[in-house]
Each structure stands twice: as structure tokens, then as C-alpha cells.
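# Observations on chain architecture
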Amino acid sequence: MSKVLIVTGGSRGIGAAVCRLAARDGWDVAVNYAGNKAAAEAVAADVRAAGRRASVIQGDMSKEADVIALFEKAEAELGPVTGLAANAGVTGKITKVADMSVAAMQDVVGLNVIGLMIQNREAVRRMSTKLGGKGGVIVNTSSIAARLGAPNEFTHYAASKGAVDSWTRGIAREVAGEGVRVCAVAPGMIDTDIHATAGAPDRAARLGKTVPIGRAGSAEEVAETIVWLLSDKAGYTGGAILEVSGGR
Ligand code: NAP
């Protein structure tokens, strides 16, 4: 089977690491980004340096039209899509519940839940053997916040990842008989830009010390799990939500 992978939020952090490691593992990669074109182009250059093909495709993954356009462009440039890393996600700013605006709730749920569902739907429409596809693999990026709840920081984000877990369990069972394997990873405290964007640039270094392993994880440590789940080596792993959290 041809190996064509879409990575949403592929320009930075965990998604960028997935693009690079997937290229190492023989995938051609569509690198999606929201606003940071230069970062996406740098990731694509690394994919090409690894001998694989790369497409750089802008698109807001909370918007249905952009998700559909992403799949269409990726297929036009790289061929039938056989892998999806649904990874684009935001925490929103650190906010107590009493201060949380509806707009903040909608932003987080709009991308992390609705956007991810649309990405998964578009992948199933193309991959399902019942619908004429040749099968494929979907790996969603959840978070251990789903079980920790993220009190005092981003409870809306934690709730959105709880929805990702439920969705992953359901869709995995629904399409397993149609040649589509679906799993998720649930990272813990990972050292990426996401903490600075949330308003706490020191968060990974500060809270990393409280993790049983004694440090924050790297984007590559999460990406290794994602590319393993994407691979045939994980062929009997379906509906799993694998924690990559340093034992937290
Ligand atoms: P990050 O470093 O902040 O990178 C975010 C990525 O998502 C960027 O590539 C960004 O694109 C893209 N993005 C943001 N909004 C988007 C949108 N509306 N449409 C398309 N792309 C969008 O984040 P990260 O830490 O790698 O997080 C990746 C995933 O892991 C998220 O789902 C997050 O919830 C999850 N996660 C992270 C941690 C952690 O500690 N870092 C822990 C658990 C789970 P631009 O570069 O164009 O802005």
C-alpha cells in the first residue's frame, strides 16, 4: 500500500516531529499548518531530505471546508491518503472556570473536538474498503488531561480531550471491519510551544519536575509512538489510547 500521511498541525511541536519521523519510516507527508508557513516549509524540507515527497498545505482544521480542501490537495499532490495524524490542537489561555468565556470554550472544542471529528470523517470516507478505499490508519492526539481534568488551567481543554478519547473508542470499533485502524496517543507534559501560547512559557520545565520520570517529554518521544501506531507493526492495536506521559 502507498504510504501517504496527512499530519494536521504539522508545522511545530509534536506534529512536526511526526512528519520527520514518518518520512524516516517511508511515508510521503502532507504538512498542514494554520499560520506558520515558514515552519511548515522547514518541516517539508526535512521530509524531502529524507527522500520522501512533501506537500505544505495551509488550513484551519476547525473549518470543514479547510479540512476537505486539505484532503483534496494532499490526494492531488501525493496520491490516495492512507494515514492521518489528527494532531492540531489548542489549550486556550490558562483560565479559571469562573472566568471562562464562551468564545474560549468554542475555540477549544471547535478545533480539538469538531475539527478532529471532521478530519476523521474525511479520512474514513477515503480509506474505508466499504466505500471503495484501500484502508488506512488514523492516530488522534489526545492528552492525559482527559483524566486529570486540568483544574485551574484549562478544564475546557481537558474536556475536549475526553471527547477525543470517547470518539476514538467509538470510531475505532465502527470502522475496524472496513480496513481502517484507529488509535490515539495521550501525551503528558511535553516540551513544545503550546505552554507559551497558553501563557506559561516555563510550564514544561516547572511541572516536568513533578512527573514520575522527573522531566517533561520531548515531541520526538510522542512522535515515535504515533509513527509506531501508524505502522504495520501496530497492526493488531485498535481503539487503543496510549499514554506517553512519563508515568504521570
Ligand atoms: P504546538 O507546539 O503549539 O503546535 C501546534 C500546532 O498546531 C502547530 O503546527 C499549529 O500551526 C497547529 N495549529 C494550531 N491551530 C490550528 C488550526 N486551527 N488548524 C490547523 N493547525 C493548527 O502544540 P503541540 O504541543 O505540538 O500539540 C500538538 C497536539 O498534542 C495537540 O493536539 C495538543 O493538545 C496535544 N498535546 C500536547 C501536550 C503538550 O504538553 N505539548 C500534551 C498533551 C497533548 P502553526 O504553526 O501554523 O501555528
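Shown above is the structure to which this text applies.
The paragraphs below set out a description of the structure included in this document. Remember, it's a predicted structure, so these values are computed and weren't measured experimentally.

Right, let's get into the nonpolar core. Of all hydrophobic cores here, the largest spans 35 residues; its most connected members are Leu5, Val18, Val29 and Ile226. At the level of secondary structure, the elements contributing two or more residues to this core comprise strand S1 (4-7), helix H1 (13-24), strand S2 (28-33), helix H2 (37-49), strand S5 (136-141), strand S6 (180-187) and helix H9 (219-230). Tallying contributions element by element places H1 first for this core, with 8 residues. Contacts of Val29, omitting those with residues within four sequence positions, involve Leu5, Val7, Cys19, Ala22, Ala23, Val47, Arg53, Ala54, Ser55 and Leu78. Counting 27 residues, the second largest nonpolar core, distinct from the first, contains Val4, Ala30, Val124 and Val180.

Attention shifts here to the pairing of strand S4 (residues 83-86). Across the two faces of S4 the burial is the same, with Gly83 and Ala85 and Leu84 and Ala86 all buried. Across 4 bridges, S4 lies against S5 in parallel orientation. Residue pairing across strands places Ala85 opposite Val139, the latter belonging to S5. For the crossover from S4 across helix H4 (residues 102-127) to S5, the handedness is right-handed.

For the rest of this paragraph, the subject is the packing of aromatic side chains. Aromatic ring pairs are reported here in terms of the distance separating the ring centres and the angle at which the planes meet. Per the stated rule, a full pass over the model turns up 1 aromatic pair. Geometrically, the ring pair formed by Phe154 and Tyr157 is edge-to-face, given 5.5 Å between the ring centres and 75 degrees between the ring planes. The exposure class assigned to Tyr157 is buried, which follows from its relative accessible area of 10%.

The phi angle at Ala150 is positive, at roughly 50 degrees, despite the residue not being glycine. As for its placement among the helices and strands, Ala150 is situated in the loop between helix H5 (145-148) and helix H6 (155-175). On the basis of relative accessible area, Ala150 is assigned to the buried category, the value being 10%. Of note, the phi angle at Asn152 is positive, near 70 degrees, even though the residue is not glycine. Counting through the fold element by element, Asn152 comes out in the loop between H5 and H6.

Let us look at the packing of helix H3 (residues 64-78) against H4. One can describe the packing of H3 onto H4 by two numbers: an axis separation of 9 Å at closest approach and a directional angle of 40 degrees. It follows from the interaxial angle that H3 and H4 lie oblique. Two packed elements cross with a definite hand, and for H3 against H4 that hand is right-handed. Along the contact surface, H3 presents Glu64, Val67, Ile68, Phe71, Glu72 and Glu75, while H4 presents Ile118, Gln119, Arg121, Glu122, Ala123 and Arg126. Each residue belonging to the contact of H3 with H4 can be placed in one class, and the counts come to 5 nonpolar, 1 polar and 6 charged.

What follows is about the sheet that holds strand S7 (residues 241-244). The 7 strands are arranged S3-S2-S1-S4-S5-S6-S7 in an open sheet whose pairing can be described as parallel. Strands with a single pairing partner mark the edges of an open sheet, and in this sheet they are strand S3 (54-58) and S7. If you compare each strand with its neighbour and ignore which way they point, the axes differ by 15 degrees on average. Across 4 bridges, S1 lies against S2 in parallel orientation. When the bridges of S2 are listed, Leu5 appears paired with Val29. Its contacts with the sheet put H3 on S1, S2, S3 and S4, and the angle it makes with S3 is roughly 160 degrees.

Okay, the pattern of salt bridges next. Two side chains of opposite charge can pair, provided their charged atoms sit close to one another. Using the criterion set out here, one finds 16 salt bridges in the structure. For Asp28, the salt bridge identified is with Arg53, shortest N-O distance 3.0 Å. Linking Asp28 in strand S2 with Arg53 in the loop between H2 and S3, this pair joins segments that are 25 residues apart in sequence. Classification of Arg53 as partly exposed rests on a relative accessible area of 40%. Among the ionic pairs, Arg203 bridges to Glu153, the shortest N-O distance being 2.7 Å. Remark: Glu153 occurs in the loop between H5 and H6 and Arg203 occurs in helix H8 (residues 203-208); sequence separation between them is 50 residues. Glu153 carries the same exposure label as Arg203, and that label is buried. Here the residues in one salt-bridge network are Glu64, Glu75, Arg121, Glu122, Arg125 and Arg126, joined through shared partners.

Rules behind the numbers
- Residues numbered from 1 in each chain as written.
- Predicted model: local features only at pLDDT ≥ 70, side-chain atom pairs only at ≥ 80, totals over all residues.
- Heavy atoms only, no water.
- Core = buried A, V, L, I, M, F, W, Y, C linked by side-chain atoms within 4.5 Å.
- Buried < 20%, exposed > 50% of the residue type's maximum accessible area, 1.4 Å probe, protein only.
- Helix = DSSP H or I, 4+ residues; strand = E, 2+ residues; numbered from the N terminus.
- Contact = heavy atoms within 4.5 Å.
- Pairing = 2+ DSSP bridges.
- Right-handed = clockwise from strand over helix to strand, strands pointing away.
- Phe/Tyr/Trp six-rings, centres within 6.5 Å; stacked < 30°, edge-to-face > 60°.
- Axes fitted to C-alpha atoms, helices over the stretch in contact; angles between N-to-C directions.
- Parallel < 35°, antiparallel > 145°, perpendicular 65-115°, else oblique.
- Left-handed = near helix turned anticlockwise from the far one by under 90°.
- Nonpolar A, V, L, I, M, F, W, Y, C, P; charged D, E, K, R; others polar.
- Salt bridge = Lys/Arg side-chain N within 4 Å of Asp/Glu carboxyl O.

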